[in-house]
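Single-letter residue listing:
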Amino acid sequence: MTAITHHLPDALLDAYVTGNLPHAFAVVVAAHLSLCDACRARSEAAEMIGGALLDRIAPAAMRAGAQDRLLAALDRAPPPSVPIAASGIFPAPVMQALGGRPPGWRMLGGGIRQHILSADSEGSLRLLYIPPGRAVPEHSHGGLELTLVLQGSFSDSAGRFGPGDVETAHDDIDHQPVAGPEGPCICLAATDAPLRFRAMIPRLLQPLFRI
Amino acid sequence: MVQNDRNSPDVIAPPLAGAVGVSDTVATAPCHRARMTAGESGLLQADTVNQTDATRSDPTLWLLAVRDQRDRAAFLLLFEHFAPRLKAMLLRGGLRDGSAEDVVQDVMLAVWHKAAQFDPHRAEASAWIYRIARNRHIDLARRKAPPEPDLLVEPEGAEPDAAQIMALGQEAALLRRALGAMSPDQARVLEQAYFEDLPHSRISEMTGLPLGTIKSRIRLGLERLRRDLNELRQP
Ligand SMILES: [Zn+2]
């Protein structure tokens, strides 16, 4: 794998570590951390601050009997958990968002496919599949968009993004990513506003398509 | 990881069986810890004991004893230290008293069951437990477990690296000093972000705080560790 050159901005990483990031973005961050040792180290440094703050917070007394209750629970077997693991190009947090199954692609036109992983008032998360050399239709968005490349590459005015790279796009920047020629580009994208694809679907139909 | 030649050429790390932090308390430990470590073999060299003891916080030693020996006395020490602090953190996060107590129980149980995942090269006990508590709180609040990155598994044959562990402890001591020197206003922003809800749009205020240098030192140490581990994995 070529080296990762586009990393997470500090504010996003801190928001993830402190639990202040909407779910869709947190999945992209966790997926990048799975692939990027440098940002994993940064997140661990940020967690150390959380630990130091926890150490110095003024304690609140536990109720009587709390310790006995805990000790009595130690010997009970932990609830069985079968964690969903990474598979192929998808790190564990993406496989978890997929429910452990491969993506079920829907055609968007022009050979582009998507799989919506989640969509709610806080944001949406989806996988995008872009054929080699194909442009993602021009779109703008009213908020923050975070895109992680899982396979192949794309390029836009901000540079070239390969596997593991993340692009952070803000506000009303119109950008038109073009997939690299080496093969289909698969990426994970989170937004906190509905995307508006200008070229393909009239605005009125957007709620139907959830794009 | 096998060599310890970086930064601390005077530190000798003998091969240890599992526990790296616990045994080093023997020389200076108060009696409860001496009891906890009785029977330990493979002690650190005497000249590393004081350095390690001075820079390594006790809760990390207790957690290693829980991890390696399933030591209940050490677990009780963890409970006494962290339970009231976790409760305070959860109360600040908006939980009622009863729910906070329940979450503390969950978190401490998770500490017991997941101790095998604790890696003293990469975290102190307090940071590791902070993460568990924060995730449990998010899980409850959103009814959805927060996504976590793939677990890092240490490559087979990796020896505990006393120098790395000690370096992390030293950075933690610097971090505590930096926190202590912050103004109440600055500390409030941090505490709000880590314990309460600070909208992610406001998180960038934290980058203005005087912690940048220490944060990047910690990061560099952790990065170097990953690099060494990766080399070990692909010889
Ligand atoms: Zn990165």
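Residues numbered from 1 in each chain as written. Chains lettered and ligands numbered in written order. Predicted model: local features only at pLDDT ≥ 70, side-chain atom pairs only at ≥ 80, totals over all residues. Heavy atoms only, no water.

Side note on the overall build of chain B
1) Next: When helices and strands are tallied, chain B shows nine helices and zero strands.
2) Next: When the helices and strands of chain B are listed from N to C terminus, the series reads α-α-α-α-α-α-α-α-α.
3) Next: Counting across all 235 residues of chain B, residues that qualify as buried make up 52%.
4) Next: The long-range fraction of contacts in chain B, counting pairs at least 24 apart against all pairs at least 6 apart in sequence, stands at 70%.
5) Next: Here chain B displays about 10,500 Å² of accessible surface, and carbon together with sulfur accounts for 51% of that area. (Helix = DSSP H or I, 4+ residues; strand = E, 2+ residues; numbered from the N terminus. Buried < 20%, exposed > 50% of the residue type's maximum accessible area, 1.4 Å probe, protein only. Contact = heavy atoms within 4.5 Å. Areas by Shrake-Rupley, 256 points an atom, 1.4 Å probe, with all protein chains shown as cover.)

As for the coordination of the zinc ion
Residue and element names in this part refer to chain A.
1) Next: For the zinc ion, the full set of protein donor atoms is His7 (ND1), His32 (NE2), Cys36 (SG) and Cys39 (SG), and the range of their distances to it is 2.1 to 2.3 Å.
2) Next: Each donor residue of the zinc ion belongs to the same chain, and together they define the spacing H-x24-H-x3-C-x2-C. Of this pair, histidine 7 sits in the segment before helix H1 (10–17) while cysteine 39 sits in helix H3 (residues 37–56), and the two are 32 residues apart along the sequence.
3) Next: Taking relative accessible area as the criterion, cysteine 39 reaches 1% and is therefore assigned buried. (Donors = N, O, S within 2.8 Å, 3.2 Å for Na, K, Ca; no water.)

Quick notes on unusual backbone geometry
Residue and element names in this part refer to chain B.
1) Next: Located in the positive-phi region is arginine 70, a residue other than glycine, with phi close to 50°.
2) Next: Looking at where arginine 70 falls in the secondary structure, it is placed in the loop between helix H3 (58–69) and helix H4 (72–92).
3) Next: Non-glycine residue arginine 143 carries a positive phi angle of around 55°.
4) Next: Note on placement: arginine 143 falls in the loop between helix H6 (125–142) and helix H7 (162–180).
5) Next: For arginine 143, a relative accessible area of 76% gives the class exposed.

Considering the environment of Ser124(A)
Residues and elements named next belong to chain A.
1) Next: Take serine 124: it is sitting in strand E3 (residues 123–130).
2) Next: The spacing of serine 124 and alanine 190 is 66 residues in sequence and 5.6 Å in space, taken between C-alpha atoms.
3) Next: Leave out the neighbours within four places in its chain, and serine 124 touches Ala24, Ser118, Ala119, Ala189, Ala190 and Thr191.

Description of the confidence of the model for chain A
Residues and elements named next belong to chain A.
1) Next: Residues of chain A with pLDDT of at least 70 account for 86%, and the chain-wide mean is 87.
2) Next: Mean pLDDT values over the elements of chain A span from 46, in helix H6 (residues 206–209), up to 97, in helix H5 (residues 92–97).
3) Next: Low pLDDT (under 50) marks residues 197–211, which in the prediction has 29 contacts with non-local residues, meaning those over four places away or in another chain. (pLDDT = per-residue confidence, 0-100.)

Details of helix H8 (residues 184–195) of chain B
The periodicity of an α-helix, 3.6 residues per turn, causes residues three or four positions apart to be oriented the same way.
1) Next: Taking 1.5 Å of rise per residue, the twelve residues of H8(B) would be expected to cover 16 Å, and the 16 Å separating its terminal C-alpha atoms lies within 8% of that figure.
2) Next: The set of residues buried in H8(B) consists of Ala187(B), Val189(B), Leu190(B), Glu191(B), Ala193(B), Tyr194(B) and Phe195(B).
3) Next: Tucked inside the fold, the buried residues of H8(B) contact H1 and H3 of chain A together with H4, H6 and H7 of chain B. (Expected span 1.5 Å × (residues − 1).)

Overview of the sheet that holds strand E9 (residues 178–179) of chain A
1) Next: Read across the sheet, three strands follow the order E7-E6-E9 (chain A) without closing on themselves; strand pairing throughout is antiparallel. Across the chains shown, the open sheet's two edge strands, defined by having one partner strand only, are strand E7 (159–161) and E9 of chain A. (Pairing = 2+ DSSP bridges.)

Examining the packing of H4(B) against H6(B)
All names here are of chain B.
1) Next: It is at 11 Å that the axes of H4 and H6 come closest, and there the two elements cross at 45°. Of the possible angle classes, the one that applies to H4 and H6 is oblique. Seen from above, H4 lies across H6 with right-handed handedness. Touching Phe82, Leu86, Met89 and Leu90 of H4 are Ala125, Ser126, Ile129, Tyr130, Ala133, Arg134 and His137, all from H6.
2) Next: Among the residues forming the contact of H4 with H6, the class breakdown is eight nonpolar, two polar and one charged. (Axes fitted to C-alpha atoms, helices over the stretch in contact; angles between N-to-C directions. Parallel < 35°, antiparallel > 145°, perpendicular 65-115°, else oblique. Left-handed = near helix turned anticlockwise from the far one by under 90°. Nonpolar A, V, L, I, M, F, W, Y, C, P; charged D, E, K, R; others polar.)

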